[in-house]
Protein chains: 2
Amino acid sequence: MLTSTDPRTGAAIATDLEATPVEQADAVVRAAQAAFEAASTHDRLWRAGLLDAIADALDANRADLVAVADRETGLGAGRLEGEVGRSSFQFRLFAEALRDGGYLEATIDHAGQTPLGAAPDIRRLLVPIGPVVVFGSSNFPFAFSVAGGDTASALAGGNAVVLKAHSSHLETSALSHAVITAAAAEYGAPDGLVGIVYGTEAGRVLVAHPLVRAVGFTGSLGGGQALLDIINARPEPIPFYGELSSLNPLIVTRGAAEARAAEIADGLYGSFTLGSGQFCTKPGIAFVPDGADGDAIVERIASRAAEAGASVLLNERIANSFDEIRDRLVATGTVSVLARGSDGVDGFAAAPTVLATTAAQVTAEVTEEAFGPLIVVARYGDDAQIVSALDAVPDSLTATVHSEPNEAAAVAGMVRELAPRVGRIVFDGYPTGVRVSWAQHHGGPWPATNSQHTSVGVSAIRRFLRPLAYQDAPEAQLPPELRDSYSGIPRRIDGRLVLD
Amino acid sequence: MLTSTDPRTGAAIATDLEATPVEQADAVVRAAQAAFEAASTHDRLWRAGLLDAIADALDANRADLVAVADRETGLGAGRLEGEVGRSSFQFRLFAEALRDGGYLEATIDHAGQTPLGAAPDIRRLLVPIGPVVVFGSSNFPFAFSVAGGDTASALAGGNAVVLKAHSSHLETSALSHAVITAAAAEYGAPDGLVGIVYGTEAGRVLVAHPLVRAVGFTGSLGGGQALLDIINARPEPIPFYGELSSLNPLIVTRGAAEARAAEIADGLYGSFTLGSGQFCTKPGIAFVPDGADGDAIVERIASRAAEAGASVLLNERIANSFDEIRDRLVATGTVSVLARGSDGVDGFAAAPTVLATTAAQVTAEVTEEAFGPLIVVARYGDDAQIVSALDAVPDSLTATVHSEPNEAAAVAGMVRELAPRVGRIVFDGYPTGVRVSWAQHHGGPWPATNSQHTSVGVSAIRRFLRPLAYQDAPEAQLPPELRDSYSGIPRRIDGRLVLD
């Protein structure tokens, strides 16, 4: 039997789950393929209904889900309740996208004369790819796990999903899966459309499986690389969508420090300690001006950290890694411990920690991501020092700039430096708290992700679709959305976008 | 000095080109990066003008380009004149796409209350990625080479391009590059925006270069795999867009055979021998019904092949490979030589060849792609035999069905079988001759390509773009297309697509 752990105490939690045997993992994928084919007879409006039914079921089971997850993750009921809401919201947003139909990118070029001569009729839309494997992440037991955005976007696209449950929240995964499959069954979805496996070996089987058409993963760079190695050894490559690592630099201008020192200090403290600092968008390094205004910010962050109780981390590996990386950062000799909260004694406790350095001393050694409540504050004299330091900061999901309106020209210069390095630029706010919406992009250059796609927001669906074109097809052989008579979705017809 | 070869005679053609030294290849990439940054101050309308200027220059130099290419490729003036036209058309089509602006996928979610609470303003569009490396292909010295679609789409996206000239048409590459760079310089583009290198070693340097952000490649599976191995060894992975291999199955139903035997035979003969059979979309296997109507098709194709003179292949490697694969196919013992045209004596000659087998005997051994004028005709009894045989056919860029209107139900069943295996389904036509248009998709599951993208048509631009999101950005810090006041391009605003 597998066990998970109560991170508040370190005590084992017995489950009635077992590591999925290899042959069973294979059977789960085969069932997903069969369900994928069976579900392909339904249209996108049917799938919208399925997503809504899953969303309703998540909401209806919120209390049970939160109770199980709180015991396994220590994240607290308030945060977890919000996260279940985020999960159901994601399913409903993808249902909305399905009804809108724009995600199909339906495009029609009628036959006709062109500068290159007579041309055939060509029509294209996006179609599902098949069974998709989703690795649940540790830090969001709902929104980036079994009931998460990868599952919602893959199902929305018309694919089947096979989940690899994260070892840190096995019971949460099992209950989430039970809630989803019960709702899907009641809705009339084919059995096996959403499968699940437990255990590292079963996860490897999924990634290597010939029927699997893509893998979604949110986790560590090392974990992602291990899966990429399996994919690179496949006879047929498949896309791997990895969201891997991010330091998320945050810059406070002199103007902002002068105008809003306390507000920024409080916001930054809240952001780097949110969820015990276990957000992929946690600001891991902040550039603060030298001088009195910057001192005020740093002193306030430090005093808040010093007074703080211990945070609870998700599991032993994360807790040990946090301590090791903090110690490595300090051992560089270019970073000093400015403040350290209570270490705690029970379970996987970690002390909120503020490290100090200067922009000139920011090297690759001090930009290692510490997954947990730790921030490096780098003091700078001028913008050129920040730009130099950014070369040592790995490309990230986000970058943030706090500034005042009269600094617009300097900020524009900084944005030009930041843009090539990140997927989202935040102004006068904090990168944690990723809005789920149409415009969102949660991705970035390596090592933030290894693709040009997002894992949050409507366009995440595109990862699990591929284009299919029809040439001179008789009307009856076309998908309905590509027929001349169809209306109600945006389509590009003979080069011009038409709304419906 | 490098030499290329006249494929009609096998004689060497002296050039004044040299293999690019490693340090020079590095300098070309650095110049591309600098040009990329300099060009980023221009908007998309400026780039549209650049693409039009390049298109005009290609047209103006058509005669010279064709003369040089004909000597190096043996493809003939008529075909090559058309191909220069295709190249200039591609540049103009991407200019049109830039003016349309829809390719930016501009999306705006205003700040506001949501079911998850107050949400920030998020805006997203697609931005260029940096220097892109393009490997010219052998078989389209213009449309898929220096002046090809990868170059046009990468430049359209706002990137710089570094070309690896194909060894089969070095002078064509050099002249194409000279025409493009002269037009770009006259237009006012920064030096280095389109660079070029010669030689295998320089190509490797490009793929491994830290400043390079993507690679476009059209060529053999083996060549693609060699480049993928270099990419997999990079510290930072980058996308590799490979168009690699395709057998392009074509199915003739009983009804079509009865109704149009001679027409189909002539069309199929023309398609598999077009460009000496050196099209990635060449139909490499045709399923023809047994019985008299199928016999009529096969006999007519065979007699046309038997009477045909030798085709000229592009280079010695392709010619040798063609002979080897033909011999391997015959050596399986399940394939017989139905017809073979003249072998020719000079240069890289190849005989148009028709091989015969049955659908039941179609195994992986007889579905090896022979790049050249060769087709395998597989006779079948019923559709189930075709479906079984398709499991031995590698996934492809295209599949084609010839049928009659009264067979619609059976055709629908066949389309369901074909759809997961290909990127384009052709009805009652031929897969060669890929329309360049908005709806086109030239891609397919592995080994046709290794991505979910197209290399032909407007959406090819998406390969060389990435999303960038802005959160709560002041109006002045936003790209113009994301400002509230902007109009004239399609945008999705608060979840609703708006045309302008």
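Visitor: Whenever I open this one, the environment of Val458 of chain A confuses me. Can you help?
Guide: Residue and element names in this part refer to chain A. Counting through the fold element by element, Val458 comes out in the loop between β20 (422-427) and β21 (465-471). A residue is classified by how much of its surface remains accessible, and Val458, at 6% relative accessible area, is buried. Put simply, Val458 and Leu98 are 360 residues apart on the chain and 9.8 Å apart in space, counted from C-alpha to C-alpha.

Visitor: Teacher, can you tell me more about the pattern of salt bridges here?
Guide: Side chains bearing opposite charge may pair, as long as their charged atoms lie close to each other. Residue and element names in this part refer to chain A. Scanning the entire structure with this criterion turns up 58 salt bridges over all chains. We note a salt bridge from Asp266 to Arg304, for which the minimum N-O separation is 3.4 Å. Taken as a pair, Asp266 in helix α9 (residues 254-273) and Arg304 in helix α10 (residues 292-307) lie far apart in primary sequence, 38 residues in all. A single salt-bridge network, built from bridges that share partners, covers Asp56, Asp59, Arg62 and Arg92.

Visitor: Whenever I open this one, the sheet that holds strand β8 (residues 161-164) of chain A confuses me. Can you help?
Guide: Within a sheet, neighbouring strands are paired by backbone hydrogen bonds and run either parallel or antiparallel to one another. Residues and elements named next belong to chain A. In spatial order, the strands read β9-β8-β7-β10-β11; together these 5 strands make up an open sheet with parallel pairing. Here the strands that pair on one side only, and so sit at the sheet edges, are β9 (194-197) and β11 (240-243). The mean inter-strand angle of the sheet, taken between neighbouring strand axes irrespective of direction, is 15°. As paired strands, strand β7 (residues 132-135) and strand β10 (residues 214-218) are joined by 4 bridges and run parallel to one another. Among the inter-strand pairings, Val132 is bridged to a residue of β10, identified as Ala214. Taken strand by strand, helix α5 (residues 149-156) contacts β7, β8, β9 and β10, and its axis lies near 165° from that of β8.

Visitor: Teacher, can you tell me more about the interface of chain A and chain B here?
Guide: Note: interface size is frequently given as the accessible area lost on complex formation between the parts. Listed as interface residues are 70 residues of chain A and, on the opposing side, 70 residues of chain B. For the pair chain A and chain B, the two sides together bury roughly 5,600 Å², of which 56% comes from carbon and sulfur. When the buried area of chain A at its contact with chain B is split by residue, Arg435, Gln452 and Gln471 of chain A rank highest and sum to 14% of it. Our enumeration of links across chain A and chain B arrives at 4 salt bridges. Salt-bridge contacts for Glu105 of chain B lead to Arg462 of chain A; the nearest nitrogen and oxygen are separated by 3.4 Å. Our count for the chain A to chain B interface comes out at 41 residue pairs in polar contact (both at pLDDT 80 or more). For the side of chain A that touches chain B, the secondary-structure elements that each account for two or more residues are α4 (77-100), β3 (107-109), β6 (122-128), α13 (408-418), β20 and β21 of chain A. The biggest single contributor to the side of chain A that touches chain B is β21 of chain A, with 7 residues. As judged from the 3 bridges shared by β21 of chain A and strand β20 (residues 422-427) of chain B, these two strands associate in the parallel manner. When the bridges of β20 of chain B are listed, Tyr470 of chain A appears paired with Ile425 of chain B.

Cut-off values and rules
Residues numbered from 1 in each chain as written. Chains lettered and ligands numbered in written order. Predicted model: local features only at pLDDT ≥ 70, side-chain atom pairs only at ≥ 80, totals over all residues. Heavy atoms only, no water. Helix = DSSP H or I, 4+ residues; strand = E, 2+ residues; numbered from the N terminus. Buried < 20%, exposed > 50% of the residue type's maximum accessible area, 1.4 Å probe, protein only. Salt bridge = Lys/Arg side-chain N within 4 Å of Asp/Glu carboxyl O. Pairing = 2+ DSSP bridges. Axes fitted to C-alpha atoms, helices over the stretch in contact; angles between N-to-C directions. Contact = heavy atoms within 4.5 Å. Buried area = accessible area lost by both parts, 1.4 Å probe. Polar contact = N/O pair within 3.5 Å; in protein donor to acceptor, adjacent residues only side chain to side chain.

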